[in-house]
Amino acid sequence: MRIGIPKEIHAGERRVAGTPKTVKKLIEMGFTVVVEEGAGLAAEHHDEMYAQSGASITSDVKDLWGESDIVLKVHSPQVHPSLGVHEADLIKEGGCLIGFIWPAQNEEILDKLNARNASVLAMDCVPRITRAQKVDALSAMANAAGYRAMIEAVNVYPRFLTGQSTAAGAIKPAKVLVIGAGVAGLAAIGAAKSLGAIVRAFDTRLEVGDQVRSMGAEFLELDFKEDGSGEGGYAKTMSKEFIDAEMKLFAQQAMEVDIIITTALIPGKPAPELITAGMVESMREGGVIVDLAAQQGGNCALTKADELVIHKGVRIIGYTDLPSRMAIQTSWLYASTLVNMLDEMGGAENFDIDMDNDIVRGSLVCHNGQTTWPPPQQPVHAPATSPDQPSLDTASPAVQEKKIKSKFGGIAAMVIIAITLLALGRIAPSEFLSHFTVFVLACFVGWQVVWNVTPALHTPLMSVTNAISGIILIGGMLHLSGSVTGSEITTDTFTIILGAAAVFLAAINISGGFLVTRRMLSMFHK
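Throughout what follows, the structure given in this document is the object of discussion. All values reported here derive from a predicted model rather than from experimental measurement. (Residues numbered from 1 in each chain as written. Predicted model: local features only at pLDDT ≥ 70, side-chain atom pairs only at ≥ 80, totals over all residues. Heavy atoms only, no water.)

## Quick word on helix H6 (residues 183–194)
Residues separated by three or four positions in an α-helix point in the same direction, a consequence of the helix having 3.6 residues per turn. In a regular helix each residue adds 1.5 Å, so 12 residues correspond to 16 Å; H6 covers 17 Å between its end C-alpha atoms and thus fits that length. Counting buried positions along H6 yields nine of 12 residues, so the element is predominantly enclosed. Buried within H6 are the following residues: Ala 184, Gly 185, Leu 186, Ala 187, Ala 188, Ile 189, Gly 190, Ala 191 and Ala 192. Turning to H6, the residues buried within the fold contact helix H5 (137–156), strand S9 (175–179), strand S10 (198–202), helix H7 (209–214) and strand S12 (259–262). Gly 196, located one to two residues past H6, shows a positive phi value of around 95°. (Helix = DSSP H or I, 4+ residues; strand = E, 2+ residues; numbered from the N terminus. Expected span 1.5 Å × (residues − 1). Buried < 20%, exposed > 50% of the residue type's maximum accessible area, 1.4 Å probe, protein only. Contact = heavy atoms within 4.5 Å.)

Take a look at the structure:
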């Protein structure tokens, strides 16, 4: 199959949907890759680099679109400035397009793509589920946008960000307020803390408070019993009373902080206005506001998209191309999610638009000439009424008989185990029973302790195997106290040898657990 990577024609866009590294991966997956001449120049990826990775370079835009089975893009299709033709009209009949589409805002584009019978996957519609993290392009771009927002703020902030003691006097650290602790907000918090600022953050979703605090920032909370957690990890629209209390908090914070970064945006809706003109005027001179919701109207009343506005000494940044300003990094991040999406779809040999794949179906917005967005809601069944697990009252006679047999089978097994233990107690020596009792209790207690730990907290040190290794280590150390009688190999000698082997092997496992955990923790250190 042939993949085409065209040059982005959106004004000011520097990103590209394929880098030399990801092109090489696509070729290894069995695809043939064609890149438009100059497609990666703005991201500092030259045509020679693509050619060295195995891609073909072409200057014929119509051929790239019309002959490619799959087209990878960043922005949704637009009218080509040099050809005067809409990119959606150039796509191959029955071809596939993958990129940011924004179907709720681009119904006309969907109609054009349906006319070409194209299958379209929107990277902005990837479902927010754990399994889809590898193709979550929105989070990747939001992470870059949050980081870059802080850099842009520092670029125009006319003071030090970190506190200093100088001969002329002490300089207090800047105070930063981040509104919205999603991916972009957390990235902004991390950048601000690393630069030495005092950081505060607010979010309507109370569960993100621990994430904010873990990054060293202060989480601002309202004395209000309402949670803003919505579907898909996004915030929901709050009540009027909550919004009033929220605005009062922002007005107070505006008079105290030096930099405000806003990220509040609900998909498909205009950005909520959180910073009024009066709040801007209450900030001290040199203050900075970075509005990441500028493309949807902005969270600040004075924001202008793609402009830097200075109002009474306060700088208001409304740039909408923050990820594009880091084109080398963001192109690779975005292109990697595309590679993962194609891998999810079976690669070149087994390429398929599987409607049973929750990632593919959730991202699919056009297929077979029909608009397939939004995807159907997945039904949720209560366990008691699930078709696969009917209750005993409503189950068929065969199922009821099977459940009854299973219940009696469990009771019979318990009886057999109890009889076996009683018989063992009659014939086994008292020393064996003492050790056996301790062993059973240790295994049971250890299993209960480890099994009840939340899976998210499991590390190599908290695994069942290391719990068992601890038991073996202690038992081996106890048996090492044995002695050898004369020069003859006795039972005690074998006991010592086995005890030493047990200690050695268990120590390797436990030490390895500590080493792996240490390496895992070091990944989070700078």
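Once the structure has been displayed, the description carries forward.
## Quick look at the packing of aromatic side chains
Evaluated as defined, the whole model comprises three aromatic pairs. Seen from their ring centres, Phe 100 and Trp 102 are 6.0 Å apart, and the 15° between their planes marks the pair as stacked. A residue is classified by how much of its surface remains accessible, and Phe 100, at 7% relative accessible area, is buried. A ring pair is formed by Phe 202 and Phe 250, whose centres lie 5.4 Å apart and whose planes are at 85°; its orientation type is edge-to-face. (Phe/Tyr/Trp six-rings, centres within 6.5 Å; stacked < 30°, edge-to-face > 60°.)

## Quick look at a nonpolar patch on the surface
Taken together, Ile 411, Val 415 and Ile 419 make up a surface patch of nonpolar side chains, about 270 Å² in accessible area. Residue class for Val 415 comes out partly exposed when judged on its relative accessible area of 43%. (Patch = residues over 30% accessible without salt bridge, like charges linked within 9 Å, V, L, I, M, F, W, Y side chains within 5 Å. Areas by Shrake-Rupley, 256 points an atom, 1.4 Å probe, with all protein chains shown as cover. Salt bridge = Lys/Arg side-chain N within 4 Å of Asp/Glu carboxyl O.)

## Concerning the layout of surface pockets
Empty space within the second largest pocket amounts to approximately 430 Å³. When residues of the lining of the second largest pocket are traced back to their parent elements, those giving at least two are helix H13 (430–451), helix H14 (464–479) and helix H15 (491–522). Classifying every residue of the lining of the second largest pocket gives nine nonpolar, six polar and no charged. (1 Å grid on protein atoms, 1.4 Å probe; cavity = no way out; pocket = protein on both sides within 12 Å on 5 of 7 lines; lining within 4 Å. Points joined across faces, edges and corners; volume = space filled by probe spheres on them. Nonpolar A, V, L, I, M, F, W, Y, C, P; charged D, E, K, R; others polar.)

## Overview of the packing of helix H1 (residues 20–28) against helix H10 (residues 327–344)
The contact between H1 and H10 brings their axes to 9 Å, and the two run at 10°. With respect to H10, the axis of H1 lies roughly parallel. Across the interface between the two elements, Lys 21, Thr 22, Lys 25 and Leu 26 of H1 pack against Trp 332, Ala 335, Ser 336, Val 339 and Leu 342 of H10. Split by residue class, the contact of H1 with H10 holds five nonpolar, two polar and two charged. (Axes fitted to C-alpha atoms, helices over the stretch in contact; angles between N-to-C directions. Parallel < 35°, antiparallel > 145°, perpendicular 65-115°, else oblique.)

## Some remarks on empty space enclosed by the protein
Tallied over the entire structure, the rule returns one cavity of 30 Å³ or more. Quantified by volume, the largest cavity comes out at close to 50 Å³. Forming the boundary of the largest cavity are 11 residues, of which Phe 202, Asp 203, Leu 206, Leu 222 and Phe 242 lie nearest the centre. Taken together, the residues that form the lining of the largest cavity break down as seven nonpolar, one polar and three charged.

## Comments concerning the sheet that holds strand S17 (residues 370–371)
Judged by pairing direction, the sheet is mixed, and its eight strands sit side by side in the order S3-S2-S1-S4-S5-S6-S16-S17 without closing on themselves. At either end of the open sheet lies a strand with only one pairing partner, and these are strand S3 (56–58) and S17. Relative to S17, strand S16 (residues 364–367) runs antiparallel, the two being bridged by two bridges. By the bridge assignment, Cys 366 is partnered in S17 with Thr 371. Of the strands in this sheet, strand S1 (2–5), strand S4 (70–72), strand S5 (96–99) and strand S6 (119–122) are in contact with H10, which crosses S5 at around 140°. (Pairing = 2+ DSSP bridges.)

## Brief notes about the pairing of strand S2 (residues 32–36)
With four of five residues buried, S2 lies mostly within the body of the structure. In the sheet, S1 pairs with S2 via four bridges, with the strands oriented parallel. Opposite Arg 2, over in S2, you have Thr 32 as the bridge partner. Remark: the S1/H1/S2 crossover connection has right-handed handedness. Across three bridges, the pairing between S2 and S3 is parallel. Bridging from a neighbouring strand, Glu 36 pairs with Thr 58 of S3. As a crossover connection, the stretch from S2 through helix H2 (residues 47–52) into S3 is right-handed. (Right-handed = clockwise from strand over helix to strand, strands pointing away.)

## Some words on the packing of H5 against H10
Packing of H5 against H10 leaves a shortest axis separation of 9 Å and a crossing angle of 170°. One element, H5, and the other, H10, form an angle in the roughly antiparallel class. Each of Ala 137, Ala 140, Met 141 and Ala 144 in H5 lies in contact with H10, whose residues at this interface are Thr 330, Leu 333, Tyr 334 and Thr 337. The residue makeup of the contact of H5 with H10, split by class, is six nonpolar, two polar and no charged.

## So, the sheet that holds strand S15 (residues 314–317)
Strands sit in the order S11-S10-S9-S12-S13-S15-S14 across an open sheet of seven strands; the sheet is mixed. With one partner strand each, in any of the chains shown, strand S11 (218–220) and strand S14 (308–311) form the two edges of the open sheet. Direction aside, the axes of adjacent strands within the sheet are offset by 20° on average. Two strands pair when backbone bridges link them, and S14 and S15 are joined in this way by four bridges, in the antiparallel orientation. Following the sheet pairing, Ile 310 is matched in S15 by Arg 315. Across the sheet, helix H8 (residues 240–254) touches S9, S10, S11 and S12, and the angle it forms with S10 is around 165°.

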